[in-house]
Amino acid sequence: DGSASYDFVIVGGGTSGLVVANRLSEMRDFTVAVIEAGDSVLNNINVSAVAGYGRAFGTDIDWAYQTEDQTYAGGSKQIIRAGKAIGGTSTINGMSYTRAQKVQIDTWERVGNKGWNWNNLFTYYKKSEEFQVPTSEQTSRGADYYIAYHGEHGPLKVGWPRAMTNGSVLPVVDEAFQQLGLPYNRDCNGGSMVGLTVHPNTVDSEADVRHDAARAYYWPYETRSNLKIISNSHANKIIWANDSSSEAVAIGVEITGINGVETIYASKEVIISAGSLGSPMLLELSGIGNPDILRRFDISLQVNISTVGENLQDQTNNGFSYDGNEFWLGSPTLSALPSAGHIFGDNVLAVASLVNSSLAEYAKQVSANSHGAVEEANLLAAFQLQHDLIFKSQVPYAEIVLLPIGHSFSSEYWPLLPFSRGSVHINSTDGSQPPSINPNYFMFGQDLKAHAEVGRYIRKAFSTAPLSNLVGEEVAPGQQHVPENASDSTWESWVKSTYRSNFHLVGTASMLPRDKGGVVNPELRVYGTQNVRVVDASVLPFQISGHLTSTLYAVAERASDLIKKGYIF
Ligand code: FDA
């Protein structure tokens, strides 16, 4: 029937999946297939253009998922962007390359994931990276680095856009933020992120095109005879062996592709890299999940893991904009990463203790929303760690992207560590039907308050000299909507009516001990299965303060080594 068989079948040729495909196909005696719903975007100008952020939104390479009504956030639905292409979401994202705060990765090990700590991951951040040393022109515009933080021989090009924003902006912005107590950070990619920084991007600086997962990990290797991408093909479910072993054994994946429905057989492993929304969906369609949900769709249970699709953690994004007093050319990569101490100032201890006293209630509500699928005690433990990261370790609490472009000086910002959690679950047994996504944005008042406080901080920065001299009138939110000294509730209604998803979804197939609500173990193997793994943003147990791809590339690199260990002797 034309059905093919490979040693490894990877579902999802996106950011993480292509790393795994590349590294596994380095074992020349093993064959690797990648099933990808999208197609090549190598010649898509919306993808390659360095200044083209946003142009691919709403086109056929954007899944444009829709959430459920966001009842805590004013009621309306949100659109969640995600790439449907060889290269996945890395082909449409903002290209920012910032990692995480060291202690955030170390927390993964502390909760029971042996080997997942900053020092180990640091090796893999570097392994994935080909750092492009900035030219003297770029250096004069603020590009800066410590070479020890960077890799030189990896597939992924990291550097600065060829046309950077004029260097005169940086000292002005820096002087203003210094007055707010925020230091300058030469290079935020060594595990210490707090400060004002001119971060690199995933960009081929010389060719001046976006560097995405496909350009880095697939196209230069496409001639490998043991590596095959099956594109334009939707994975429907895992096919299981009909045996009585105590652990489920995958033998392949059913797909709907250009030949209709067929099975792609896997003799060794199935690796799911379909993203934070696609991966839990595929697990459920394959019989791994919460029995109450699977029963509703008559899906026979393979493994009972009630937390599949739960623990969805995203951030919310909002914007400021000012008329510019100058005209700026080029691409800025300037971000402020303040801690809670910077944002709350003298109030920080009071806020910390208020949040601390709310954690039990947060845990209770998230657990109740999941109908008990996520245990209150596990949530409480996670929230306590999150509280300590924010208030004791003082990891970055918000990212404020500074965008002097043309006649406008705008800013996108997002509080990095909200407590709200939601879920993604199937809506149908038909895998082509979108799932039901509910991030529960602003489920807790504290997450809204964070927006208001960061908004006030941004206003303060823009009204501090010399930055204040660069800008004229505040266009958004504007004094007419949010007057100076506006109350929390005024800020909050502006936030609810203007926010969007920050598209940093994690946690829906968390790497955690099984009794703490985990879906995969530290080898990223799905509990209760012999040969199914998940490798993508869904396994991150907690949100991080960096943009996600740098960490996903590193996680997928490390995962590849863990997988290969079982086959190279
Ligand atoms: P990813 O989405 O990359 O891959 C999943 C793949 O699986 C896709 O190719 C998809 O088509 C495929 N797939 C899904 N279901 C399937 C099925 N059933 N069958 C077959 N194929 C299937 N990060 C960053 O570091 N810097 C930034 O500036 C930004 N900015 C940004 C902007 C926007 C608009 C978005 C949407 C996201 C960002 N991000 C970002 C986030 C980052 O890009 C994102 O988190 C990762 O690329 C996700 O990588 P994954 O490997 O988890 O999934």
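Residues numbered from 1 in each chain as written. Predicted model: local features only at pLDDT ≥ 70, side-chain atom pairs only at ≥ 80, totals over all residues. Heavy atoms only, no water.

Draft legend 1. Summary view of the site of the ligand. In the vicinity of the ligand there are 35 residues, among which T15, S16, E36, T89 and T549 approach most closely. Contacts to the ligand include G94, whose backbone N or O atom sits 2.9 Å from a nitrogen atom. Between a nitrogen atom of the ligand and a side-chain N or O atom of H234, the distance comes to 3.2 Å. Considering the ligand on its own, with 1,000 Å² of exposed area, one finds that the protein chains cover 95% of that surface. Elements represented by at least two residues in the shell around the ligand include exactly α1 (15-24), β11 (234-240) and α16 (548-565). (Near = heavy atom within 4 Å. Polar contact = N/O pair within 3.5 Å; in protein donor to acceptor, adjacent residues only side chain to side chain. Areas by Shrake-Rupley, 256 points an atom, 1.4 Å probe, with all protein chains shown as cover. Helix = DSSP H or I, 4+ residues; strand = E, 2+ residues; numbered from the N terminus.)

Draft legend 2. Structural view of helix α8 (residues 275-285). α8 sits mainly inside the fold: ten of its eleven residues count as buried. Residues S276, L277, G278, S279, P280, M281, L282, L283, E284 and L285 constitute the buried set of α8. Positive backbone phi, at 95°, marks G287, one or two positions downstream of α8. (Buried < 20%, exposed > 50% of the residue type's maximum accessible area, 1.4 Å probe, protein only.)

Draft legend 3. Focus on the pattern of salt bridges. Following the criterion strictly, the structure yields 20 salt bridges and no others. In this structure, the salt-bridge partner of K127 is D561, at a minimum N-O distance of 3.9 Å. Of this pair, K127 sits in helix α4 (residues 118-128) while D561 sits in helix α16, and the two are 434 residues apart along the sequence. K127 gets classed as partly exposed once you look at its relative accessible area, which sits at 30%. In this structure D561 comes out as partly exposed when scored by relative accessible area, which is 27%. R533 is the salt-bridge partner of E269, the closest N and O atoms lying 2.7 Å from each other. Placement of the pair is E269 in strand β13 (residues 260-272) and R533 in strand β23 (residues 532-534), with a sequence separation of 264 residues. Taken together, the shared-partner salt bridges in this structure form one network comprising R23, E26, E557 and K564. (Salt bridge = Lys/Arg side-chain N within 4 Å of Asp/Glu carboxyl O.)

Draft legend 4. View of the confidence of the model for the protein chain. A residue-level look at the protein chain finds 99% of positions with pLDDT of 70 or above and a mean pLDDT of 97. Note on the complex model: pTM 0.98, ipTM 1.00. (pLDDT = per-residue confidence, 0-100.)

Draft legend 5. Highlighting the pairing of strand β17 (residues 334-337). Both faces of β17 are covered, namely the face carrying L334 and A336 and the face carrying S335 and L337. Sheet topology note: the strand β7 (residues 195-198)/β17 ladder contains four bridges and is antiparallel. Bridged to G195 within β17 is L337. Pairing geometry for β17 and strand β18 (residues 398-415), over three bridges, is antiparallel. From the neighbouring strand, S335 faces β18, where its bridge partner is V401. (Pairing = 2+ DSSP bridges.)

Draft legend 6. Spotlight on the environment of S432. Tracing the backbone through its elements, the reader meets S432 in the loop between β19 (423-425) and β20 (436-438). Expressed as a C-alpha distance, the spacing of S432 and A235, which sit 197 residues apart in the sequence, is 8.9 Å. At a separation of 2.8 Å, a polar atom in the side chain of S432 contacts the side chain of D430.

Draft legend 7. Representation of the nonpolar core in the model. Counting residues in hydrophobic clusters, the biggest one holds 168 residues, and the most contacted among them are W108, F177, L402 and F409. Considering each element in turn, this core owes the most residues, nine residues, to α16. For L402, the contacting residues outside a window of four places in its chain are V173, F177, L196, P332, L334, A336, F409, S410 and F462. Judged by nonpolar contacts, the second largest core, of seven residues, contains I293, L294, F297 and I426. (Core = buried A, V, L, I, M, F, W, Y, C linked by side-chain atoms within 4.5 Å. Contact = heavy atoms within 4.5 Å.)

Draft legend 8. Region of the structure containing the environment of A556. Looking at where A556 falls in the secondary structure, it is placed in helix α16. Residue classification places A556 among the buried positions, given a relative accessible area of 0%. As for A556 and V209, which are separated by 347 residues in sequence, their C-alpha atoms are 23 Å apart.

Draft legend 9. Focus on the packing of aromatic side chains. Within the structure shown, the criterion is met by 31 aromatic pairs. Ring centres of W63 and Y65 lie 5.5 Å apart, and the angle between their planes is 5°; this geometry places the pair in the stacked category. On the basis of relative accessible area, W63 is assigned to the partly exposed category, the value being 29%. In this structure an aromatic cluster arises from ring pairing among F320, Y322, W328, F409, Y413, F462, W491 and W494. K84 extends its terminal NZ or CZ atom over the ring of W63, reaching a point 4.6 Å from the ring centre. The ring centre of W116 lies 4.5 Å from the NZ or CZ of R558, which sits over that ring. (Phe/Tyr/Trp six-rings, centres within 6.5 Å; stacked < 30°, edge-to-face > 60°. Lys NZ or Arg CZ within 6 Å of the ring centre and 35° of its normal.)

Draft legend 10. Quick look at the packing of helix α13 (residues 445-462) against helix α15 (residues 488-498). Packing of α13 against α15 brings their axes to within 9 Å, and their N-to-C directions diverge by 100°. Accordingly, the angle class assigned to the pair α13 and α15 is roughly perpendicular. Between α13 and α15, the residues in contact are L448, K449, H451, A452, G455, R456 and R459 and D488, W491, E492, V495 and K496, respectively. In the contact of α13 with α15, the residues fall into four nonpolar, two polar and six charged. (Axes fitted to C-alpha atoms, helices over the stretch in contact; angles between N-to-C directions. Parallel < 35°, antiparallel > 145°, perpendicular 65-115°, else oblique. Nonpolar A, V, L, I, M, F, W, Y, C, P; charged D, E, K, R; others polar.)

Draft legend 11. Here's a closer look at unusual backbone geometry. In the segment running from A465 into P466, the intervening peptide bond is cis, with an omega of 5°. Within the fold, P466 resides in the loop between α13 and α14 (467-470). The omega angle of the peptide bond from A476 to P477 is -5°, so this bond is cis rather than trans. The residue P477 is located in the loop between β21 (471-476) and α15 in this model. Phi at M95 is positive, roughly 70°, even though this residue is not glycine. Along the chain, the position of M95 falls in the loop between β4 (79-80) and α3 (102-110). Phi angles above zero are rare outside glycine, and N311 is one such case at about 60°. Its place among the elements puts N311 in the loop between β15 (303-304) and β16 (316-328). For N311, a relative accessible area of 6% puts it in the buried group.

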